[in-house]
Amino acid sequence: MTWLTLLMALPLAGSLAVAALPKTNEKLVKQTALATTLIVMAATIAMALGFQRDNVELQFVEKYSWIPFFGINYALGIDGLALVLILMSTILAPVVVLAGWNESHGGRWSVKTFYILILVLETMMIGVFAATDVFLFYVIFEAMLIPVYFLIGGYGTGERSAAAVKFLIYSLFGGLLMLASIIALYVMSGAQGGHTFDLAALSSLEMSSTTQDLLFLGFFIAFAIKAPLWPLHTWLPDAAESATPGTSVLLLGVLDKVGTFGMIRYCLTLFPEASKTFTPMILVLAVISIIYGAILAIGQRDLKRLIAFTSISHFGFITMGIFAMTSQGHSGATLYMFNHAFSTAALFLVGGWMISRRGSSTIADFGGLQRITPVMAWMFFLAGMSSLALPGLSSFVSEFLVLVGTFTRYPAHAVIATCGIVLAALYILIPVQKALHGPTTPGNENLSDLNLREKIAIAPVIAIIVVLGFYPSPLLKVINPAASHVIAQLGFNDPVPTNGSK
Amino acid sequence: MVFTAPVLNYTLLSPILILLAGALIGVLVEAFVSKALRSITQLTLTIGTLVLSLAQVWKIRNAQSTTAAMGSVVIDGPAILLQASILIIAIISVFVIADTDHFTALAAALPGSDEERHAVQTGNQVTEVYPLTLFAISGMMLFPVSSDLITLFVALEMLSLPLYLMAGLSRRRRLASQEAALKYFLLGAFSSAFFLFGMAYLYGYSASVTFAGIRESVVGGSGNDVLLLIGIAFVSIGLLFKVGAVPFHAWSPDVYQGAPTPITGFMAAATKIAAFGAMLRIYYTVFANAQWSWSPLLSAIAVITMLFGSFVAIAQRDVKRMLAYSSIAHAGFLLAGVIALNKAGLDASIFYLFAYGVATVGAFAIVTLVRDSAGEVTDLNRWKGLGKRSPWVAATFAGFLLAFAGIPLTSGFIGKFSIFSAAYESGAKGVVIVGVLSSAIAAFFYIRVIVLMFFTDPVQDGTSVEIPSELTRIAIIFSIVVTIALGVYPAPLLDFITNLAIFIR
């Protein structure tokens, strides 16, 4: 059964269907897009049910020759990590379409173009996590920049074209560094038994430690730009500020995960030795990201920028979990990727509704929303609580796992990172207080509360946040074997607590 | 004295001979056919000739011969591939050239003179551009198959002289066009002189003008190396001039800008194929054993060319000049394929040349469409908001730019990947790293044009997009389809190239 190709083909077919519709019938365009994303979500869930949780090998493997001249295959396959991220992407897509029902209005181009771009992007989001051929991965990794670029530049607000260009240039630069590394891998594979881009074959290449270090950096910098790690993060706040809320959700929720996913799948697998060499430096960068993102978030006056900076802090946690090289850290990081997508989605979507109703994204312009629009205010509050990892909500589990996983090997880093949690309370509670509570700011009196469509859109997101907060084990059962497998492959054993048994 | 009649293999030479015959008939058409029928006759004749020649190339695709013309011409896989590429590019270029609105009615008249005005008013449009194009193409076809220095030089002049004239044919801004032609001619003559000078040294070194003879001396290593080095250096200057590599690039921005745009596209695409074709043959066969004499210098030139082209392109405000600098940068990338000096490098270079050529013709064809009442608008500031006014044209142009930038799923990416991996394989890691970095720089200015077209509001200044003529439309659609198809599924072409591309000596 070629599940993965089917998953990739569905949104593409949907985009063709949308393209065939008349431009004037916007409602039909949106309905087609929504139907497509719902079908994709259903298909993904159906596939996930057939996933063997305890099998650490790649599943749903497909392989067809694509460019035999270079030994390039169209090769797909997923493990627990990829499955979770594909699930995350395909659940978010219909939410974004439904939540942003009107956000394509007022763009440079038609509503139709917006949904074509979204659906093409969905195909690539699935492909980028499913690819097991390095060349295929790279092609999708780069090609998916183009729809996002047009989504930001065409439908965003404010300095949208500058933000779109900044995003593209940063990403392209990283991508080209990765390309240099990929070329080197390709050439080395040719010298060691035939040109190939197969991930498994490439991971067994022999190379000197200097080569490995350099190639690792090529990949890592590309991923660190994506996942924004301090100091390569500066494109993110601009992009998130200018993009529509829906685009931001896909950008921060899914695309940036390609960075952290790539660190696990490519950096660690292809260059285990170099990963160990660079771990101390990367952990420092991760800790800086956690604290720096949090402090800057506290200082933001703009709601969208604030959410972007909180994400930088969260990506610091994820990176730390990955490079702590413990299975808890890894499981936590993977779960964190999933949870971050939903808590950020909730923040961006509810924030986006607040902004579009108020006509301003400055936090100080809000006030008293709790009385005027109680449902919207509660949703924002819940999303904020999830972002600061309140126990009982999903992010808490993942943040806790990351910290535990890090502490067993790098206690100092974990302790400093814990300060990030305290700062998180500040960066969430300050806007909550300013925007939701206090006296009603003039101009807010007549804001309307969430309508039915918006309630339906946000409901699954909130449900996931709450349910996974109490009962994360279905996901963890999928994630844990994959995480332990990666750690074992790297030759690490989880540190045993030394003073517990006495 | 006994005179031996030369033995010619007419079948193998037929692609070139057909072109020359077509060109000569074209001259007669120019003289004898009435002005009402002239244009259409010339167009039909030119396309017919090109298609016939292409069919002939296809027929002899598996031929291998060093004796087609008494040892002066070698027909082998690379020769066939390069000739076919030149012809395909030529056909789509002629489709764009067919829009006579770009060409002066009477090139012989002084700009702004009464004769010129009279010619325009009476509709007495001369169409000498067609036979000139055919002459140029026959030179280009001969250039990469030459196997002695004399033929090589004759081919060089055969392709250059018509191009000098064609650069001066622009209908609008005629002075700039003529300036471009003169500049191209003077600098071209200069480089020919260098080339000839180098040839003399190579003859002095090896006592032979044939490639085989020179190669033998290089392999044997018995000659005077100083002569060889001087010979290589000066011949290289001549070739590097033609491909527009730094520091021999000075002509290209002005000529690209001044020449009629359809000619610019043709020149940029087809001349590159011919010149790099000859270069590949010479470096891969004749000078291959002297690799250590030229490789370091050529690597330096490649690096400078890539960086210079990419950096200077950023500062350009004119779309044709920007494409000129971008073509300089691409010449640098292509030099990486020459430096590679391995089979993969040869395959990659041929693929790259074809892919780049097709995209270039398409891109310049689109430039011809953006006009105001005074002709083409090449000022980038006036391209603002093109995406709003004519989304399809702008989107297609964006496609070509993404291909030039080497974004995946376009032919440019496969080309870049293959050429860089070949160069890396041969150990030219520095060139590859600089190449990748300058790709990043280059991406910046390609993207800036996309921003201008799509993310900036149009200015109301009478700039409009012409509805393309049917032929131009075909050329553009062909180019974009090939550009994307070669990006998504290049396997058949790559296989075809790799099976054929083996130099015989």
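Residues numbered from 1 in each chain as written. Chains lettered and ligands numbered in written order. Predicted model: local features only at pLDDT ≥ 70, side-chain atom pairs only at ≥ 80, totals over all residues.

Novice: Help me understand the overall build of chain A in this model?
Specialist: Scanning chain A for helices and strands turns up 20 helices and two strands. The globule rule puts the C-alpha radius of gyration for 502 residues at 23 Å, and the 22 Å found for chain A is close to it. Counting only residues that meet the buried cut, chain A has 63% of its 502 residues in that class. Here the contacts in chain A between residues at least 6 apart in sequence split such that 81% fall between residues at least 24 apart. (Helix = DSSP H or I, 4+ residues; strand = E, 2+ residues; numbered from the N terminus. Rg over C-alpha atoms; globule rule 2.2 N^0.38 Å. Buried ≥ 20, exposed ≤ 12 C-beta atoms within 10 Å, placed from the backbone. Contact = placed C-beta atoms within 7 Å.)

Novice: Would you explain the overall build of chain B in this entry?
Specialist: Helix and strand counts for chain B come out as 20 helices and three strands. For 505 residues, the compact-globule formula gives about 23 Å, and the C-alpha radius of gyration of chain B, at 22 Å, lands near that figure. C-alpha extents for chain B along the principal axes are approximately 70 × 55 × 40 Å. By residue count, 60% of the 505 residues in chain B fall in the buried class. Contacts spanning at least 24 positions in sequence make up 80% of the contacts within chain B whose residues lie at least 6 apart.

Novice: Mind showing me how you'd approach the sheet that holds strand β3 (residues 464-465) of chain B here?
Specialist: What holds strands together in a sheet is hydrogen bonding between their backbones, with the strands either parallel or antiparallel. Residues and elements named next belong to chain B. Spatial ordering of the open sheet is given by β2-β1-β3, a layout of three strands whose pairing is antiparallel. Among the strands making up the open sheet, the edge pair consists of β2 (375-376) and β3. Direction of pairing for strand β1 (residues 370-372) relative to β2: antiparallel, over a ladder of two bridges. Its bridge partner lying in β2, Arg371 is registered against Glu376. (Pairing = 2+ DSSP bridges.)

Novice: Would you explain the pairing of strand β2 (residues 72-78) of chain A in this entry?
Specialist: It is a general feature of regular strands that their side chains alternate between the two faces of the sheet. All names here are of chain A. Where burial is concerned, most of β2 is hidden: five out of the seven residues are buried. As paired strands, strand β1 (residues 59-67) and β2 are joined by six bridges and run antiparallel to one another. Bridge assignment links Lys63 to a residue of β2, and that residue is Ala75. Where β1 folds back onto β2 in an antiparallel hairpin, the turn is made up of four residues, including Gly71, whose phi is positive at roughly 70°.

Novice: Sorry, what's going on with the interface of chain B and chain A here?
Specialist: How big an interface is tends to be stated in terms of accessible area lost as the parts join. Contacts between the two partners involve 23 residues from chain B and, on the opposite side, 27 residues from chain A. Sorting the residues of the side of chain B that touches chain A by element identifies α17 (411-425), α18 (429-455) and α20 (491-500) of chain B as the ones contributing at least two each. Counting residues per element, the side of chain B that touches chain A draws most heavily on α18 of chain B, at 11 residues. Looking at the side of chain B that touches chain A residue by residue, the class counts come to 18 nonpolar, three polar and two charged. (Nonpolar A, V, L, I, M, F, W, Y, C, P; charged D, E, K, R; others polar.)

Novice: Please clarify how the packing of helix α9 (residues 225-243) of chain B against helix α12 (residues 291-314) of chain B should be interpreted in this entry.
Specialist: Working note: a packed helix pair is described by the angle between its axes plus the distance between those axes. Residue and element names in this part refer to chain B. At a minimum axis distance of 11 Å, the contact between α9 and α12 shows a crossing angle of 30°. As far as their axial angle goes, α12 and α9 are roughly parallel. For the pair α9 and α12, the sense of crossing is right-handed. Facing α9, whose interface residues are Leu229, Ile232, Ser236 and Leu240, α12 presents Ser293, Trp294 and Ile301. The residue inventory of the contact of α9 with α12, partitioned by class, reads five nonpolar, two polar and no charged. (Axes fitted to C-alpha atoms, helices over the stretch in contact; angles between N-to-C directions. Parallel < 35°, antiparallel > 145°, perpendicular 65-115°, else oblique. Left-handed = near helix turned anticlockwise from the far one by under 90°.)

Novice: It is not clear to me how the environment of Leu156 of chain B should be interpreted in this structure. Could you clarify?
Specialist: Residues and elements named next belong to chain B. When you line up the elements, Leu156 lands in helix α6 (residues 149-167). Its 26 C-beta neighbours within 10 Å are what place Leu156 among the buried residues. Sequence separation between Leu156 and Phe195 is 39 residues, and the spatial gap between their C-alpha atoms is 9.7 Å.

Novice: What am I meant to see in helix α4 (residues 111-130) of chain A here?
Specialist: What sets the pattern is the α-helix's 3.6 residues per turn: residues three or four places apart point alike. Taking 1.5 Å per residue as the helical rise, α4 of chain A with its 20 residues ought to reach 28 Å, and the 29 Å between its terminal C-alpha atoms agrees with that figure. When you tally the buried positions in α4 of chain A, you get 20 out of 20 residues, the bulk of the element. (Expected span 1.5 Å × (residues − 1).)

Novice: Got a minute to help me understand unusual backbone geometry in this structure?
Specialist: Keep in mind that most residues, glycine aside, have a negative phi and that most peptide bonds are trans. Here the amide bond leading from Trp230 of chain A into Pro231 of chain A is cis, since omega sits at 5°, within 30 degrees of zero. Its location among the elements puts Pro231 of chain A in the loop between α9 (209-226) and α10 (235-242). In the Ramachandran plot, Ala207 of chain B falls in the positive-phi region, its phi being about 55° despite a non-glycine side chain. Along the chain, Ala207 of chain B turns up in the loop between α7 (174-206) and α8 (211-220).

Novice: Explanation requested: the confidence of the model for chain A in the structure shown.
Specialist: Mean pLDDT over chain A: 84, with 98% of residues reaching 70 or higher. Highest mean pLDDT in chain A belongs to helix α5 (residues 134-143) of chain A (90); lowest belongs to helix α15 (residues 369-372) of chain A (76). (pLDDT = per-residue confidence, 0-100.)

Novice: Would you explain the environment of Val218 of chain B in this entry?
Specialist: Residue and element names in this part refer to chain B. Relative to the elements of secondary structure, Val218 occurs in helix α8. Val218 sits 13 residues away from Tyr205 along the chain, and the two C-alpha atoms are 9.1 Å apart. Beyond its immediate stretch of four places on either side in the chain, Val218 contacts Leu228, Val286, Phe287, Asn289 and Ala290.

Novice: How do you make sense of the packing of helix α1 (residues 10-32) of chain B against helix α5 (residues 129-142) of chain B when you look at a structure like this?
Specialist: Residue and element names in this part refer to chain B. For the pair α1 and α5, interaxial distance at closest approach is 8 Å and the crossing angle is 165°. As judged from the angle between their axes, α1 and α5 are roughly antiparallel. Note on packing geometry: the crossing formed by α1 with α5 is left-handed. Residues Pro15, Ile16, Leu19, Leu20, Gly22, Ala23, Gly26, Val27 and Glu30 of α1 lie in contact with α5, whose contacting residues are Tyr130, Pro131, Leu134, Phe135, Ile137, Ser138, Met141 and Leu142.

Novice: How do you make sense of helix α13 (residues 319-340) of chain B when you look at a structure like this?
Specialist: The first and last C-alpha atoms of α13 of chain B sit 32 Å apart over 22 residues, in line with the 32 Å expected at 1.5 Å per residue. Directly beyond the C-terminal end of α13 of chain B, a positive phi value near 50° is found at Leu341 of chain B.

Novice: Honestly, the confidence of the model for chain B in this entry has me stumped. Any pointers?
Specialist: As a general rule, the predicted coordinates of low-pLDDT regions are not to be interpreted in detail. Residue and element names in this part refer to chain B. For chain B, mean pLDDT is 87; residues scoring 70 or higher make up 99% of the total. Across chain B, the secondary-structure element scoring lowest on mean pLDDT is β3, at 74, and the one scoring highest is α5, at 93. Confidence metrics for the complex model read pTM 0.89 and ipTM 0.83.

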